[in-house]
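If you want the building blocks of each chain, they are given just below.
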Amino acid sequence: MPPPPPLRRVPVQRRSAERLARILDACAHLIEEAGYERLSTREVAVRAGVPIGSVHRFFSGKRALAAALAHRNLDRYAERVAARLAQRPDLDAHGAVDAVLDAYIAMRSTEPGFALVDFGVPAAPRDAAPDAPPDRNGDRDGNADRDGDEHGVNHLVAERIRGLLGGYLHHPSGEVLRRKVLVAVEATDALLRLAFRAGPPGDPELIDEPRALLHAYLAPVLRG
């Protein structure tokens, strides 16, 4: 399970929870409009219609704010996958894999800011010029990166997917399945970045490549 979001204070009342949701919604829309590097907590407060102190009450800064958005994205993604699987109890391994991939592709089109902050905070490369404008992927040189260990983010995603697919297909958990799902997530992540490099809706032929990879590499393990 992913760690709790980086909140200074966890809301306990509904009003505080609703305010936090508005702050994260505002963060997502501003990232969608201007990119992560131009994000500011002050602009988030204005867009959310809350005092700047309310943002700082929850978050130490914009990186913590974006990290909480990434955490929410992962929760929403897992909920989408679970809902798709619940609607189709008759899916085989290939169909279940499709549900995992299709939920991610759908979020690229429907969730504000998801293309820039999916499950991890973007970070500019070390050699980026400090005054260069960010590109569509949130980086100054066009290379997507994440704060901290990008592979650590993919470990969290892989664990969520492993639990969803393993439970749906009644596959016993084990190191083989853990390793296979992690490799599949790493490879699919790289291929989807390539497919969406020019922005939504993505190159459909390139999107088909990770689907073929998942069918050939992961589905046979899940059937076993």
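None of these values were measured; they are calculated from a predicted model.

Colleague: Describe in detail the pattern of salt bridges, supporting the description with residues and values.
Modeller: In a structure, side chains of opposite charge can pair up when their charged atoms sit close to one another. Applying the stated rule across the entire model yields 13 salt bridges. With a shortest N-O distance of 3.2 Å, aspartate 189 and arginine 193 are connected by a salt bridge. In this pair, aspartate 189 and arginine 193 both sit in helix 7 (residues 175-195), four residues apart, roughly one turn of the helix. Among the ionic contacts, a cluster of salt bridges with common partners joins Glu159, Arg162, Glu175 and Arg178.

Colleague: Please give an account of the nonpolar core that cites residues and values.
Modeller: Core analysis: the largest hydrophobic core is formed by 38 residues, its most contacted members being Tyr77, Phe119, Ile161, Leu218 and Leu222. Listed by contribution, the elements that provide at least two residues to this core are helix 4 (62-87), helix 5 (93-110), helix 6 (150-168), helix 7, helix 8 (204-217) and helix 9 (219-223). In terms of residue count, the dominant contributor to this core is helix 5 (10 residues). In this structure, isoleucine 161 is in contact with Tyr77, Val100, Gly166, Val181 and Val185, ignoring residues within four places of it in sequence. Within the second largest apolar cluster, 26 residues are counted, among which are Leu24, Ala48, Ala64 and Ala66.

Colleague: Got a sec to walk through the packing of aromatic side chains? Specific residues and values, please.
Modeller: Counted under the stated rule, the structure contains six aromatic pairs. Summarising the aromatic geometry, the rings of tyrosine 77 and phenylalanine 119 are spaced 5.4 Å apart at their centres and angled 50 degrees between planes, so their arrangement reads as tilted. In this pair, tyrosine 77 is assigned in helix 4 and phenylalanine 119 in the loop between helix 5 and helix 6, connecting sequence segments 42 residues apart. There is no split in this pair, since tyrosine 77 and phenylalanine 119 are both buried. The structure contains a cluster of three or more aromatic residues connected by ring pairs, namely Tyr77, Tyr104, Phe114 and Phe119. Geometry around tyrosine 36 places lysine 62 over its ring, the cationic atom sitting 4.6 Å from the centre.

Colleague: Which residues make up the packing of helix 7 against helix 8, and what values do they have?
Modeller: To characterise two packed helices, one gives the angle between the axes of the helices and the distance between these axes. It is at 8 Å that the axes of helix 7 and helix 8 come closest, and there the two elements cross at 170 degrees. Relative to helix 8, helix 7 is oriented roughly antiparallel. Only Leu206, Ile207, Glu209, Pro210, Leu213, Leu214 and Tyr217 of helix 8 make contact with helix 7, whose side of the interface consists of Lys180, Val183, Ala184, Ala187, Thr188, Leu191, Leu192, Leu194 and Ala195. Residues of the contact of helix 7 with helix 8, tallied by class, amount to 13 nonpolar, one polar and two charged.

Colleague: Residues and numbers for the packing of helix 1 (residues 14-34) against helix 2 (residues 41-48), please.
Modeller: Helix 2 packs onto helix 1 with a crossing angle of 115 degrees between their chain directions and a minimal axis gap of 8 Å. Once helix 1 is placed against helix 2, the crossing between them reads as right-handed. On helix 2, the residues touching Arg22, Ile23, Ala26, Cys27, His29, Leu30 and Glu33 of helix 1 are Glu43, Val44, Arg47 and Ala48. In terms of residue class, the contact of helix 1 with helix 2 is built from six nonpolar, one polar and four charged.

Calculation criteria
- Residues numbered from 1 in each chain as written.
- Predicted model: local features only at pLDDT ≥ 70, side-chain atom pairs only at ≥ 80, totals over all residues.
- Heavy atoms only, no water.
- Salt bridge = Lys/Arg side-chain N within 4 Å of Asp/Glu carboxyl O.
- Helix = DSSP H or I, 4+ residues; strand = E, 2+ residues; numbered from the N terminus.
- Core = buried A, V, L, I, M, F, W, Y, C linked by side-chain atoms within 4.5 Å.
- Buried < 20%, exposed > 50% of the residue type's maximum accessible area, 1.4 Å probe, protein only.
- Contact = heavy atoms within 4.5 Å.
- Phe/Tyr/Trp six-rings, centres within 6.5 Å; stacked < 30°, edge-to-face > 60°.
- Lys NZ or Arg CZ within 6 Å of the ring centre and 35° of its normal.
- Axes fitted to C-alpha atoms, helices over the stretch in contact; angles between N-to-C directions.
- Parallel < 35°, antiparallel > 145°, perpendicular 65-115°, else oblique.
- Nonpolar A, V, L, I, M, F, W, Y, C, P; charged D, E, K, R; others polar.
- Left-handed = near helix turned anticlockwise from the far one by under 90°.

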